[in-house]
Structure formats: structure tokens, C-alpha cells
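Survey of secondary and tertiary structure
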Amino acid sequence: MKALAEGRQVHDHMVTNGIAIDAILSVKLITMYAKCGNLEYAREVFDKMAQRNKFMWNAMIGAYARQGGCREALVLYDQMKGMGLQPDNFTFPCVLKACAAMVALDKGKEIHEYVREVGLESHVIVGNAVMDMYVKCRSLNDARKVFEKMPERNVVSWNAMIAGCVQNGIYHARDVFDRMSQRDVISWTAMIAGYVENCHVDEALKFFRKMLLAGFEPDAVTIASVFQACGQIPALQRGKEIYNYVIRRGFDSHFLVGSALVAMYAKCGSIVDAHHAFDRIPRRDVVSWTAMIVGYAQNGYGDRALNLFRQMQLAGMKPDSFTLASLISACASFGALQLGKEIHGYMLRRQLESDVSMCNTLIDMYVKCGSLEDAIWVFNKMSQKDVVSWTTMIAGYGMHGQGHLALKLLSHMEKTGVKPNHVTFTGVLSACSHAGLVNEGCKYFEVMRRDHHITPRVEHYACVVDLLGRAGQLNKALDFVNKMPIEPNSSVWGALLGACRIHHNINVGEFVAERLFQLEPESVGNYVLLSNIYAAAGRWNDVAKIRNLMRDKGLKKSPGCSWIEFNNTTHVFNAGDRSHPQVEKIYEMLESLAGQMQAAGYVPETNFVLHDVAEEAKQHILCGHSERLAIAFGIINTYPETSIRITKNLRVCGDCHTATKFITKILGRKIIVRDASRFHHFKDGLCSCGDYW
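The structure presented is a predicted model; accordingly, all values stated were derived computationally and were not measured. (Residues numbered from 1 in each chain as written. Predicted model: local features only at pLDDT ≥ 70, side-chain atom pairs only at ≥ 80, totals over all residues. Heavy atoms only, no water.)

Some remarks on the side chain of Asp675
Its location among the elements puts Asp675 in the loop between strand E4 (671–674) and strand E5 (679–683). No salt bridge forms around the buried Asp675; measuring N to O, its nearest opposite-charge neighbour Arg651 is 5.5 Å away. At 3.0 Å, the side chain of Asp675 forms a polar contact with the backbone nitrogen of Ser677. Beyond its immediate sequence surroundings of up to four residues, Asp675 is in contact with Lys648, Leu650, Arg651, Val652 and His680. (Helix = DSSP H or I, 4+ residues; strand = E, 2+ residues; numbered from the N terminus. Buried < 20%, exposed > 50% of the residue type's maximum accessible area, 1.4 Å probe, protein only. Lys, Arg positive; Asp, Glu negative; His and termini not counted. Salt bridge = Lys/Arg side-chain N within 4 Å of Asp/Glu carboxyl O. Polar contact = N/O pair within 3.5 Å; in protein donor to acceptor, adjacent residues only side chain to side chain. Contact = heavy atoms within 4.5 Å.)

Here is the structure:
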């Protein structure tokens, strides 16, 4: 602000003293005002010049492009051409940058064609700008064509191509990287970020080590990507080692590094370290606050997240759309409904509910937090809906077992003129699978191909396999897999193995498991599913063989875990857990409920205990399942008229499903359970899934 005031003072002095402002001075004034962030003053200088040369036009167009006035930059470009002035190698990079920022592919292609006409396509800076525009508009084939035709390429050219290839798969990017004769920090960082983006986090860390051995000094962006990799694994100790390296290099106070460090600690579950890292950031920006708030939400501290969200506003920080979307997504992932509602309230007060993208995120959050009614309310209030809005709501109905409503909404969507895409049909097919609508699912698989000309992807085939498998049509599902025109992946075979577990089909299960062991030898879930199939059939020797195989491979089963939000704090329970402060009251409640349930006709289904132990021990194990502990906690701590909402990391136990129906009938409570694949709404002794799950 001081620099702007001083610059304005000099400008006023020139005008007051009659100093002629020629083209050279005009360009300098426009540039000065633009760098100070005041495009209004820059445009004032531009408009007052009666005669404008190419340099002035370039200065003003460049100012708009750099400061986010992309539309104005393109308008000026057209006016410049209309005045008979020829755009040059300074003009084109600016207007192409504007096209990239706006994702204006058609306009970008028009400018590219003009570049060809004036013979500047071979100019390396212009060529880089054309390629970058195509990359950012996600037109990667066009970007590659430009790259291959360039007679001269510099490191910027290669870096732009790497960034583009990352979107199309990391191996394409690696091929480009390996072909580079010269590399810089940006090249290495683009590859590391690409590995992280494509979930190859171990490779990202290996690449970071290679970068250091090659003698390159990482920058803040590199370190942020490496911290992101550590958070995804999670690898807390490795992250701390890298932080020590950062301290030695002296850029630990950089806001980008600080924010990434906070996020890494939070994802590794070390919330105390995350808080300390947050406190050490000297100048916090919106990203820093967002990282800490999301970290609290991810670790079940909804009350702290909410308090920090309020502190952020008191500190004068205005949450942007990224902050709000990140917070809402965190609420969706961890079922933090109350925090989600608080953020929704903030959006309403700030009149942000008209933003289609934000509303789509809200719908997704409410769906995943088990509040379908709120999701429907947001959806119905939207004055404008895009394909994501409709798709999210259709998928939401599917997750909650409302298959018929999902199909009804699809029909309404088509009547409004919005075309469903491949994601929409994934939601439709999944909805049919959860609701047991086999004929309808098969019909819409054909409708997708025939009427909408959408080539089925592997996720569509997986949904059909799940649809047939859940319905017990295992041989038909296997035949469908064998006739697939594309190679079935682990999601396809996994859907079939899950169906084999439901219907206790050992023969098909063994065949499918062998395919999965070849595709995913380190995926613990496949071994557990086959073990469960054997256990349900009482084949304990085979169970022991699978467990020995897992032990030899160093694989461990994820324990059953359930959580419930209460007073903006998430309470987590493991199977047989006795660590909670209210443990005595919880087990007293479960014992009381067990007596009332048995009096009402409940008989424990001990076949769901996949251990070779006595019958009484099996009943004891069932009583300590994590979902029952969470339900008992909810009964103790909430008012009778409120719904109890719990989340489980695995598929809900069959016996617990039956027990929960009895509990709702005895107590007159509504219980909503979100498991690994869907929602169950229990009320008056019934479940919304109709026992089809």
C-alpha cells in the first residue's frame, strides 16, 4: 500500500507540473500500478492516451492477465487486433495465460490458430504458452502435438509437458522426465507432486531422495509435496526427519511449508505436533488456518475445529471457497454433522448458498453424515443445478437404500435437459445394487451404452457384478466377468468375492480369491474375506492357513472400529473396548438391553463370530462389537427423541444388524449406521435396507 501511495504521488506530481506522459512513461506507469495490484489506476493511464502503441497494449493486457482480469485481457486483445495492431511474442503468452486461467479452450484454439498464421508457433516462449494453455484446459493430445512439433525446447517446455502428463498417468510423465537433457527444481517437484497426486507416495519419497543425491536444492513447493506424501502413508517419523532437514536449510518459517507440516502431522494422528506447528507459523494465511481446522475435524475434535473456525474469523481471515469446501469434505469423511451444519450456517449468513459447487459439496456432506433430509433440502433449494448436483443426489439415494427414488430422480434429471455422464450411471447402478433392483440395473447398463453412447468403464462393470452377486446370481456374475471386453481389475473381482461371502459360496470364492491374490498380493481385505468364507463354513484349518499366509506376508487385519459424534467431539470404540471413561455405564446398558432383547425374541447369531471358540464366548464377543458400544454410548448420552448416528469402518455385523432392530423397537429410538458401503436407517424394529445388504 505504501508503494502504491508513493507511486500515485509521483504520477500526480507529473500531471500537476505539466510533464508530458509519453508512450514510454505510460508503459512504466501501467506496469507500476499493476505490480501494486491496482488495475483501476493502470486502466486510467491506458484510457487517457490518445495514441496507443503495441507496447501499451501489451502492458495493459499483461497487467490484466497477471492480476486475474482474464476476461478483460481477452477483450483488449480483440480490440487491439481490431485497431490493426499485430499481436506479438509478448502479447500471445499473456492472452494464452488468460485462456488457461479461464479454461477457455475454444478461445485458446482460436489464438493458437492465429499464432500459426503469423509464424510464431516456433518461438519457444509462445510455444510454451500454447502448450501450457492446452495442459490447463485438459486437452493433453493437443499439448503433446505442440510439444512434439517444437523445434526448440527449454526446461520450461519439458516441465509443462510433465505437468500435463501427470493428469494422464504418472508413467507418461516419467517418460518425459527421463527424456530431459536438463532438469531443474521445477522438473523434480512436478514429478514428486505427480506421484503424490496419483497415490504413489512411496515413489514420491524415493524421488525426493534421488533429487537430493542429484544435487538439487528443494524449494517450499517440493517440501509441501513431500509432507503430503508422508501424511498419506502415514509416515510420522519420516515426516519429522524431513522437517529437521527443512530447519537446517532455514525455510521452516515459509507459510506453505508450515501449512503442509500441520496437515502432515494431523493426517498422522499427531494433533499436538500439528498444533505446535500451527503456532510456529509467523504469518498465517487462509491455507494455514484451514489445515489446522481440517486436522482437528479429521481427528475427531469437532469442538476444537469449530472454535478455531470462529477464531479464524475473529482474526480477520475470511474463509474462502477452498477453506469451506475442505472443511465440509472433512465433515463428510468423519461424520461430523454438527460442525458441517455450523459451516452451512456460515454460508447462509454470507449468502454463499448460490454457489453451485459449494451446494454440491454440502449435499455430499449431508448424505455421508446420514442426514438425507438435509441433503434433499439443499438440493431442492438450488436455483441452478449442474450434472454434479444431480449425480451427487442420485448417489446419495443409493447409499441410503432408496433405489427407486434414485431412478425417479434420474428420469427428472433427463427431463430438465441435463445429460447424465459416466459418474451418474455409476451412482445409478450402485443404487440398483443396494436396493436389489437387478432387472432395472441391467436395463440401465444397456441404456447407458445404447441411448447415451457412454462406453462402460471398469467401475460400471464392477457395479453390475455387485448387482448380480448380491442377488445370489454368482454364476451369472462370473460369466459376465469372463465376457468383459476390458481386463477386470481388483474392484470387479472384489465385488464378486464379497458376494461369495454373503452367499457362502466356497468354490467360486476360492477361484476369485486366487485372481485377487495375483492382482493385489498385499491387500489384506482379500485374505480376510476368504478367511471369513471358510470360518462361516466351519473350515477352521483353512482359516488357520490363511492367517498363517497373512502373517508370513506381514499383513494385519484392520480391527472393527465405530465412532459417534457427541457435543462436537467424536468418541471412538474398538471391539471389546474398555478404555472409554464411561465404560462401566456402557456395559451396564448393553447387559440391560441383552435381557430385554432376549425377552422380545432375540437369539444371538453366533455364526457371525469368525473364531473357533465356545458358544458362550461367541455371545460375549458379539456383545462387545464396536457398533454396539457406540450405540450404548449414544443411548446413555442423548435425549430419547434424538436420532443416534454412528459410523463403522467395516461392514456392519449381521448379528449387530439384528440386535439394532430389536433395540429400536424396545426403546422407540431411531438409529442410523453408516458402514463401509452404505447406510442403515433403523426404526421400530425395521431397517431401511429391508435386510438386503
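What to know about the nonpolar core
Residues Phe92, Ile111, Ile162, Ile223, Phe227 and Ile242 are the most contacted members of the largest nonpolar core, which totals 194 residues. The residues touching Ile242, leaving out its near neighbours within four places in the chain, are Leu205, Phe208, Ile223, Val226, Phe227 and Cys230. One finds Val583, Leu629, Ala659 and Ile663 within the second-largest nonpolar core, a separate group that totals 27 residues. (Core = buried A, V, L, I, M, F, W, Y, C linked by side-chain atoms within 4.5 Å.)

With respect to helix H21 (residues 337–349)
In this model, H21 (13 residues) spans 18 Å end to end at C-alpha, consistent with the 18 Å of a helix rising 1.5 Å per residue. Turning to H21, its buried residues number three or more, namely Leu337, Leu339, Gly340, Ile343, His344, Gly345, Tyr346 and Met347. Positive phi appears at Gln351, one or two residues downstream of H21, with a value of about 55°. (Expected span 1.5 Å × (residues − 1).)

A few points about the pairing of strand E1 (residues 561–566)
Successive side chains on a regular strand alternate, one facing one side of the sheet and the next facing the other. By the bridge criterion, 6 bridges tie E1 to strand E2 (residues 569–574) in an arrangement that is antiparallel. Residue Trp563 lies in a different strand from E2, and its bridge partner there is Val572. Adjacent in sequence and paired antiparallel, E1 and E2 are bridged by 2 residues, among which Asn567 carries a positive phi angle near 50°. With 3 bridges joining them, E1 and strand E3 (residues 644–648) adopt antiparallel strand pairing. By the bridge assignment, Ile564 is partnered in E3 with Ile646. (Pairing = 2+ DSSP bridges.)

Looking at the packing of helix H32 (residues 524–536) against helix H33 (residues 540–552)
Contact geometry of H32 with H33 gives a least axis separation of 8 Å together with a crossing angle of 165°. When the axes of H32 and H33 are compared, the pair comes out roughly antiparallel. The chirality of how H32 crosses H33 is left-handed. Residue-level inspection shows Val524, Tyr527, Val528, Leu530, Ser531, Tyr534 and Ala535 of H32 in contact with H33, the latter providing Trp540, Asp542, Val543, Ile546, Arg547, Leu549 and Met550. Across the contact of H32 with H33, the residue classes tally to 11 nonpolar, 1 polar and 2 charged. (Axes fitted to C-alpha atoms, helices over the stretch in contact; angles between N-to-C directions. Parallel < 35°, antiparallel > 145°, perpendicular 65-115°, else oblique. Left-handed = near helix turned anticlockwise from the far one by under 90°. Nonpolar A, V, L, I, M, F, W, Y, C, P; charged D, E, K, R; others polar.)

What to know about the packing of aromatic side chains
Ring pairs (aromatic) are described by centroid distance and by the angle formed between their planes. The tally for this structure, following the rule as stated, stands at 21 aromatic pairs. Consider the rings of Phe309 and Tyr346, whose centres lie 5.4 Å apart with planes at 75°: the pair is edge-to-face. Placement of Phe309 in helix H19 (residues 302–314) and of Tyr346 in helix H21 is noted, with a sequence separation of 37 residues between them. For the pair shown, Phe309 and Tyr346 are each scored as buried. (Phe/Tyr/Trp six-rings, centres within 6.5 Å; stacked < 30°, edge-to-face > 60°.)

Section: the pattern of salt bridges
Where side chains of opposite charge bring their charged atoms close, a pairing between them can arise. In this structure the tally under the stated criterion is 28 salt bridges. Between Asp175 and Arg179 there is a salt bridge whose closest N-O contact spans 3.9 Å. Taken together, the residues span about one helical turn, with Asp175 and Arg179 both in helix H11 (residues 170–179) at a distance of 4 residues. Asp175 sits in the partly exposed class, given a relative accessible area of 41%. Under the relative-accessibility criterion, Arg179 is labelled partly exposed at 36%. A salt bridge links Glu241 to Arg238, with the shortest nitrogen-to-oxygen separation between them at 3.5 Å. One end of the pair, Glu241, and the other, Arg238, are both in helix H15 (residues 236–249), 3 residues apart, so they sit about a helical turn from each other. One network of salt bridges, with partners in common, ties together Asp78, Lys107 and Glu110.

Quick look at the confidence of the model for the protein chain
When pLDDT is averaged across the protein chain, the result is 87; 95% of the residues are at 70 or more. For the stretch residues 611–615, pLDDT sits under 50, and the model shows 7 contacts to residues farther than four places along the chain or on other chains. (pLDDT = per-residue confidence, 0-100.)

Regarding the sheet that holds E4
Pairing is mixed in the open sheet, where 6 strands are placed in the order E2-E1-E3-E4-E5-E6. Both edges of this open sheet fall to E2 and strand E6 (686–687), since each of them pairs with a single strand only.

Considerations on unusual backbone geometry
Of note, the bond from Ile233 into Pro234 is cis; its omega dihedral lies within 30 degrees of zero at -10°. Mapped onto the fold, Pro234 is located in the loop between helix H14 (220–232) and H15. With a phi close to 60°, Arg138 is a non-glycine residue in the positive phi region. Tracing the backbone shows Arg138 in the loop between helix H8 (124–136) and helix H9 (140–149). At Cys199, a residue that is not glycine, the phi angle is positive and equals roughly 65°. Within the secondary structure, Cys199 is located in the loop between helix H12 (185–197) and helix H13 (201–213).

Looking at the environment of Asn505
If you trace the backbone, Asn505 turns up in the loop between helix H30 (490–502) and helix H31 (506–519). Taking the relative accessible area as the measure of exposure, Asn505 reaches 22% and is therefore partly exposed. Once the C-alpha coordinates of Asn505 and Phe480 are considered, the two residues, 25 residues apart in sequence, prove to be 17 Å apart. Of the polar contacts made by the side chain of Asn505, one reaches the backbone nitrogen of Asn507; its length is 3.4 Å.

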